[in-house]
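Close look at the chain arrangement
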Amino acid sequence: MGLKFDSMLVQQDHDSKSQNPKSSSLPTTLRPNRHSISKSLDFSTWVSENTFKIVTIGILIATVAAVFFLRNVGDSAALLCFQSQTKQLETIHFPQIDYNSIAPIADKTTPYSSFRSEQWIVVSVSDYPTDSFKKLLKIKGWQIVAVGNSKTPSDWHCKGVIFLSLDEQAKLGFRIVDYLPYDSYVRKNVGYLFAIQHGAKKIFDADDRGEVIDDDIGKHFDVELVGESARQDVILQYTHENPNRTVVNPYIHFGQRSVWPRGLPLENVGEIEHEEYYTEVFGSKQFIQQGISNGLPDVDSVFYFTRKPNLEPFDIRFDEHAPKVAFPQGMMVPMNSFNTLHHYSAFWGLMLPVSISSMASDVIRGYWAQRLLWEIGGYVVVYPPTVHRYDRIESYPFAEEKDLHVNVGRLTKFLVSWKSNKHRLFEILMELSYAMAEEGFWTEKDVKFTAAWVQDLIGVGYLQPRLMTLELHRPRAAIGHGDRKDFVPQKLPSVHLGVEETGMVNYEIGNLIRWRKNFGNVVLIMFCNGPVERTALEWRLLYGRIFKAVVILSEKKNGELAVEEGHLDHLYKQLPKLFDRFSSAEGFLFLQDNTVLNYWNLVQADKTKLWITNKVSKSWTTVSFDGNQDWYGKQGELVNKVVSSMPVHFQISYKKHTTSHDSSLTICSSEVFYVPRRLVNDFKDLVNLVGNLDIHQKVAIPMFFVAMDSTENFDSVFSTMVYKRKPPSNATSSFYSPEASAVHPWTVSSEQEFIKLIRIMAAGDPLLMELV
């Protein structure tokens, strides 16, 4: 048994070490005494043979003791010095590549060393050939290379297909092999290099669940970009008019506004309106071409688990007559690794990263490649249905997508703003990979992997394309009326969501657009008392359609769900940091998850004023504390202390509202309130006045509000709120009112309760039925 895994042990040793990519091709040998029989030693002999280990352990113990000592003694200078040295040890190192000394890599181990083909299909296989895989063989003029992993049967075979087993991959001499996981589809990286090594000019990235429609890649994609057989047509292009729009859902363009692709930031899911107009671009530089899949399109686990009405497989259809559409510099689109055509100029962009979750790898690759594509004057084009994929009802867990839902929105903004002053593509590519590691989008392992990838590309004979003038950060000309091109997408039936489209859709969509325009620059800050692992994504889906961003806080942090830590009793002290994070937002709406927000009834509210429940008697109350030493009395004393230190404008406003301010205390349950941009600095000043005083949120918020402005100037939008101190025995539709601005209390602690809430809220927003 031990002999069987020796070759794999060598590769695992490689993978677990931090290596210099330039030396990764050197052979690794096992120590001769690795499995030798242990000897019987006396104490002196044992000490002499283990001196190094004893000294090492002693140093570690001394280091821990030193840290403990420094922290407790309070020698902050010494501790800071120690921590800075530790940070230096963790610094990501930029790989140094000698581009002029990279030796060619020849195929010396496979029977295909002399084989050449310009058109390749690369597929990852984990099981015996499927029917869909066998249909790929019908595509004329394309050579298939199947890349195996640790799950692939050892006797895998399919006539006409080049199969690369783990053993064969290890013998090819590629540096990247040392970094690849054994059981993942990202081993396709080996297949890409193999195809390039054997003459590839075009590579179709596919999987074994998809069938190319009509068995003809050339019918759907632009396989030829130059020459007599090239189409040389003008392509519809999204407009760059809004520089803050960094990512787009292409499914809307092809008739499915209620479906979104894997990799679309969840905060963009609610953007379902079609384009007001497009522009045009000349073809020939669509070096990366992304196809749409009928049947089971590329959707994330959030869509898969929340939009499927039963156990029936998805069979979603897109508009096959919609024109292909291009994306200008500054605008991105989610891409995948199972229905994408890469031309030679973009082969460098095939690299699938290895340090992030499996279902995020190709999406992160796609965004990374799009940013670099602009450096050579290229762009991405998305095409109408090219593949039909069958839903086998075999979904994957959310954990495999964690790097998408947590990071992808931030990633697109980072990439669009990123700049480089390098003069060669591979240098820019390395610089960007390093910057992405510094920002936490992937780890140092992918920086080293990128260095290995670049060296392997050069080794197999790939020539990097020349740079072009980057238009992204230059002033853009205004789009004239003559340059505007119209296209109105179809609205295909959404029967797979259990919703038949009717004539009311235009009205409902109009309402959603109106709400989005009204609140599209307002940030919703939500505190979850309940289990976030069951509700956080659902709240984002519900409110993310309306607001600029949804920030979720809870008593416990959950990094995978992007839930931040916060403590409700003093949460107001955390709000200034969130205000600074969204410096361009026009306002901030705070909401607890025990309160339902009927956003359609907030449109008329003045977003320059304060909103709070001061006219809801059970929420906003006054308590006398004169001479009492109970909780109210202690809070009252702290409030008086803060009031006495307030600047004149705060103090006058506060005392105007509270006539007996020395002996009474205003309490507000603070389930929902709104702070406009113009008063954000006032709010931050008041938080600073409180400082470390233990003033509860229910006391601090009403104190802040009446100090910032007169209650006469508050917007009364929450006066229509349905408010009860205790929840009804059974939350029913009779308790809920779609005419109210908000409803309290309402408990949602599971997906079933969320679905129940959505169905009730659909009385005010019928499009919500598409979420269940």
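Residues numbered from 1 in each chain as written. Predicted model: local features only at pLDDT ≥ 70, side-chain atom pairs only at ≥ 80, totals over all residues. Heavy atoms only, no water.

**Some thoughts on the overall build of the protein**
Looking only at helices and strands, the protein features 21 helices and 21 strands. Relative to its 772 residues, the protein shows a buried fraction of 55%. (Helix = DSSP H or I, 4+ residues; strand = E, 2+ residues; numbered from the N terminus. Buried < 20%, exposed > 50% of the residue type's maximum accessible area, 1.4 Å probe, protein only.)

**Brief notes about the pairing of strand 18 (residues 664–668)**
Among the 5 residues in strand 18, 5 count as buried, and that is most of the element. Every second residue of strand 18 is oriented toward a common face, with Ser664, Thr666 and Cys668 on one face and Leu665 and Ile667 on the other, all of them buried. The pairing of strand 17 (residues 620–624) with strand 18 spans 5 bridges and is antiparallel. Paired with Val623 across the strands is Leu665, a residue of strand 18. (Pairing = 2+ DSSP bridges.)

**Description of the sheet that holds strand 16 (residues 596–597)**
Read across the open sheet, the 3 strands follow the order 16-21-20; overall the sheet is mixed. With partners counted over all chains shown, the strands left at the sheet margins are strand 16 and strand 20 (722–723), one partner each. Relative to strand 21 (residues 742–744), strand 20 runs parallel, the two being bridged by 2 bridges. In the sheet register, Val722 faces strand 21, and the bridge partner there is Val743.

**Side note on helix 18 (residues 648–657)**
An α-helical segment advances 3.6 residues per turn. Residues three or four places apart therefore align on the same side. Residues of helix 18 that are buried include every one of Phe650, Gln651, Ser653 and Tyr654, and no others. An end-on view of helix 18 places all buried positions within 165° of arc, on one side of the element. Facing away from the buried side of helix 18 by over 90 degrees, the exposed positions are Val648, Ile652 and Lys656. In this structure, the buried residues of helix 18 make contact with helix 17 (631–644), helix 19 (680–690) and helix 20 (697–708). (Arc of directions from axis to C-beta. Contact = heavy atoms within 4.5 Å.)

**Observations concerning the packing of helix 18 against helix 20**
Running from N to C, helix 18 and helix 20 cross one another at 110°; their axes reach a closest spacing of 7 Å. Classed by the angle they form, the pair helix 18 and helix 20 counts as roughly perpendicular. Residues His649, Phe650, Ser653, Tyr654 and His657 of helix 18 lie in contact with helix 20, whose contacting residues are Met703, Val706, Ala707 and Met708. For the contact of helix 18 with helix 20, the class distribution of residues is 6 nonpolar, 3 polar and no charged. (Axes fitted to C-alpha atoms, helices over the stretch in contact; angles between N-to-C directions. Parallel < 35°, antiparallel > 145°, perpendicular 65-115°, else oblique. Nonpolar A, V, L, I, M, F, W, Y, C, P; charged D, E, K, R; others polar.)

**Remarks on empty space enclosed by the protein**
A full pass over the atoms with the stated rule returns 5 cavities of 30 Å³ or more. There is about 80 Å³ of room inside the second largest cavity. Element by element, the count of residues in the lining of the second largest cavity is highest for strand 8 (residues 288–295), at 4 residues. Residue composition of the lining of the second largest cavity, grouped by class: 7 nonpolar, 4 polar and 1 charged. (1 Å grid on protein atoms, 1.4 Å probe; cavity = no way out; pocket = protein on both sides within 12 Å on 5 of 7 lines; lining within 4 Å. Points joined across faces, edges and corners; volume = space filled by probe spheres on them.)

**Describing the packing of aromatic side chains**
The full count for this structure, using the stated rule, is 39 aromatic pairs. Plain terms: the ring middles of Tyr572 and Phe704 are 5.6 Å apart, the flat faces sit at 85° to each other, and that makes the pair edge-to-face. Note that Tyr572 is positioned in the loop between strand 14 (563–565) and helix 16 (575–581) and Phe704 in helix 20, a separation of 132 residues in sequence. With a centroid separation of 5.7 Å and an interplanar angle of 80°, the aromatic rings of Phe673 and Phe705 are classed as edge-to-face. Of the two residues, Phe673 sits in strand 19 (residues 672–676) while Phe705 sits in helix 20, which places them 32 residues apart along the sequence. Comparing Phe673 with Phe705 shows no difference in burial state: the two are buried. The rings of Trp515, Phe519, Trp539, Tyr543, Phe547, Tyr599, Trp600 and Phe754 are connected pair by pair, giving a single aromatic cluster. Positioned above the aromatic ring of Tyr344 is the side chain of Lys201, whose terminal nitrogen or guanidinium carbon lies 4.8 Å from the ring centre. (Phe/Tyr/Trp six-rings, centres within 6.5 Å; stacked < 30°, edge-to-face > 60°. Lys NZ or Arg CZ within 6 Å of the ring centre and 35° of its normal.)

**A word on the environment of Ser663**
Here Ser663 shows up in the loop between helix 18 and strand 18. Spatially, the C-alpha atom of Ser663 lies 8.9 Å from that of Glu637, the residues being 26 residues apart in sequence. In contact with Ser663, other than residues within four places in its own chain, are Val623, Ser624, Phe625 and Asp626.

**Quick word on the nonpolar core**
Ranked by internal contacts, the top residues of the largest apolar core, which has 163 residues, are Ile203, Trp348, Met436, Trp539, Tyr543 and Leu589. With 10 residues, the single largest contributor to this core is helix 12 (residues 425–438). Setting aside residues up to four positions removed in sequence, Trp539 forms contacts with Met526, Cys528, Gly544, Ile552, Asp593, Val748, Phe754 and Leu757. Grouped together as the second largest cluster of nonpolar side chains are 49 residues, Val523, Val551, Ala585 and Phe590 included. (Core = buried A, V, L, I, M, F, W, Y, C linked by side-chain atoms within 4.5 Å.)

**Structural notes on the sheet that holds strand 15 (residues 587–592)**
Strand order in the open sheet made by the 5 strands is 14-13-12-15-19, with mixed pairing throughout. Looking at which strands have only one partner, the edges of the open sheet turn out to be strand 14 and strand 19. Neighbour-to-neighbour, the strand axes of this sheet turn through a mean angle of 25°, independent of strand direction. Pairing analysis gives 3 bridges linking strand 13 (residues 549–554) to strand 14, with the strands arranged parallel. Looking at strand 14, one finds that Ile552 is bridged to Val563. Helix 15 (residues 532–543) contacts strand 12 (522–528), strand 13, strand 14 and strand 15 of the sheet and is inclined by roughly 160° relative to strand 13. Strand contacts of helix 20: strand 15 and strand 19, with the helix running at about 40° to strand 19, the strand carrying the most contacts.

**Structural notes on the side chain of Ser664**
Structurally, the position occupied by Ser664 is in strand 18. Judged by relative accessible area, Ser664 falls into the buried class, the value being 8%. Every residue in contact with Ser664, bar those within four places of it in the chain, is listed here: Thr622, Val623, Ser624, Phe625 and Thr658.

**Things to note about the pattern of salt bridges**
This structure, assessed with the given rule, holds 21 salt bridges. A salt bridge links Arg371 to Glu375; its shortest N-O distance comes to 3.0 Å. (Salt bridge = Lys/Arg side-chain N within 4 Å of Asp/Glu carboxyl O.)

**A closer look at a negative patch on the surface**
A surface patch of negative charge is lined by Glu555, Glu565, Asp569 and Asp694. Within the secondary structure layout, Glu555 lies in the loop between strand 13 and strand 14. (Patch = residues over 30% accessible without salt bridge, like charges linked within 9 Å, V, L, I, M, F, W, Y side chains within 5 Å. Areas by Shrake-Rupley, 256 points an atom, 1.4 Å probe, with all protein chains shown as cover. Lys, Arg positive; Asp, Glu negative; His and termini not counted. Charge placed at Lys NZ, Arg CZ, Asp CG, Glu CD.)

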